[in-house]
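If you want the building blocks of each chain, they are given just below.
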Amino acid sequence: MSRELILPLKGCYFDDIVAGRKPLEYRLRTPYWRKRLEGRTYDTVTVTKGYPARDDAQRRATYPWRGYEEQTITHSFFGTQPVEVFAIKVGASS
């Protein structure tokens, strides 16, 4: 059985990943995401535009799993202060 990590995204972030402009998707380093990422390996990572139906190929993109990095970033989505995140590698490999 294939192990797939699914990441629902806002439309603008989905579009940037599919266009190749956004190589990383960020998730706060919370217990929720630690449990899903640390010590785990997936076969694929699928990004979705919102929560589409399983057969809605226009709003889904699947890439090989390439892991993640732990980073500290400042981004308007998370507020004005630096936050610790998991930077999940998405999109085509560079």
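Heads up: these notes are all about the structure in this document. Residue numbers run consecutively from 1 along every chain, following the written order of its sequence. Residues qualify for local features only when their pLDDT is at least 70, as the model is predicted, and side-chain atom pairs are given and counted only at 80 or more; totals for whole chains, interfaces and linings, by contrast, use all residues. Calculation of side-chain values draws on the structure's entire complement of heavy atoms; hydrogens and water are dropped beforehand.

**Description of the side chain of arginine 60**
Stated formally: Numbering of helices and strands runs from the N terminus; a helix is a DSSP stretch of H or I covering at least four residues, while a strand is a stretch of E covering at least two. Exposure categories follow from relative accessible area, calculated using a 1.4 Å probe and restricted to protein chains: below 20% of the type maximum is buried, above 50% is exposed, and the middle band is partly exposed. Counting rule applied: Lys, Arg positive; Asp, Glu negative; His and chain ends not counted. In what follows, salt bridge is the name for a side-chain nitrogen of Lys or Arg lying within 4 Å of a carboxyl oxygen of Asp or Glu. The criterion used for residue contact is that any of the two residues' heavy atoms lie within 4.5 Å.
Relative to the helices and strands, arginine 60 is located in strand 4 (residues 60-64). Glutamate 4 provides the closest opposite charge to the buried, unpaired arginine 60, separated from it by 5.4 Å. In contact with arginine 60, not counting residues within four places along its chain, are Phe14, Thr46, Val47, Thr48, Pro52, Ala53 and Arg54.

**Quick word on the sheet that holds strand 4**
Rules: Paired strands are those between which DSSP finds at least two bridges. Note on definitions: angles span 0 to 180 degrees between N-to-C directions of axes, and those axes are lines fitted to C-alpha atoms, for helices only across the stretch in contact.
Ordered in space as 1-3-4, the three strands form an open sheet in which the pairing is mixed. Of all strands in the sheet, those with a lone pairing partner are strand 1 (4-9) and strand 4, marking the two edges. Averaged over neighbouring strand pairs, the angle between their axes works out to 20 degrees when direction is ignored. Relative to strand 3 (residues 44-49), strand 1 is paired through six bridges, and the arrangement is parallel. What sits directly across from leucine 9, in strand 3, is lysine 49. Helix 1 (residues 11-18) contacts strand 1, strand 3 and strand 4 of the sheet and is inclined by roughly 130 degrees relative to strand 3.

**Remarks on the packing of aromatic side chains**
What counts here: Stacked, tilted and edge-to-face are the three classes applied to pairs of Phe, Tyr and Trp rings, where Trp contributes its six-membered ring and a pair requires centres within 6.5 Å; stacked means planes under 30 degrees apart, edge-to-face means over 60, and tilted covers the rest.
Under the counting rule described, the total for this entry stands at five aromatic pairs. For the pair tyrosine 13 and phenylalanine 77, a centre-to-centre distance of 6.3 Å together with 90 degrees between the ring planes defines the contact as edge-to-face. With a gap of 64 residues between them, tyrosine 13 in helix 1 and phenylalanine 77 in the loop between strand 5 (68-73) and strand 6 (83-89) connect regions that are remote in the sequence. Where tyrosine 42 meets tryptophan 65, the ring centres are 5.2 Å apart and the plane angle is 65 degrees; that geometry is what we call edge-to-face. Taken together, the residues span a long stretch of sequence, with tyrosine 42 in the loop between helix 2 (31-37) and strand 3 and tryptophan 65 in the loop between strand 4 and strand 5 at a distance of 23 residues. The same class applies to tyrosine 42 as to tryptophan 65, namely buried.

**With respect to the environment of glutamate 84**
Within the element layout of this structure, glutamate 84 appears in strand 6. A relative accessible area of 47% means that glutamate 84 is categorised as partly exposed. Spatially, the C-alpha atom of glutamate 84 lies 24 Å from that of glutamate 4, the residues being 80 residues apart in sequence. Ignoring anything within four residues of it in the chain, the contact list for glutamate 84 reads Leu28, Arg29, Gln71 and Thr72.

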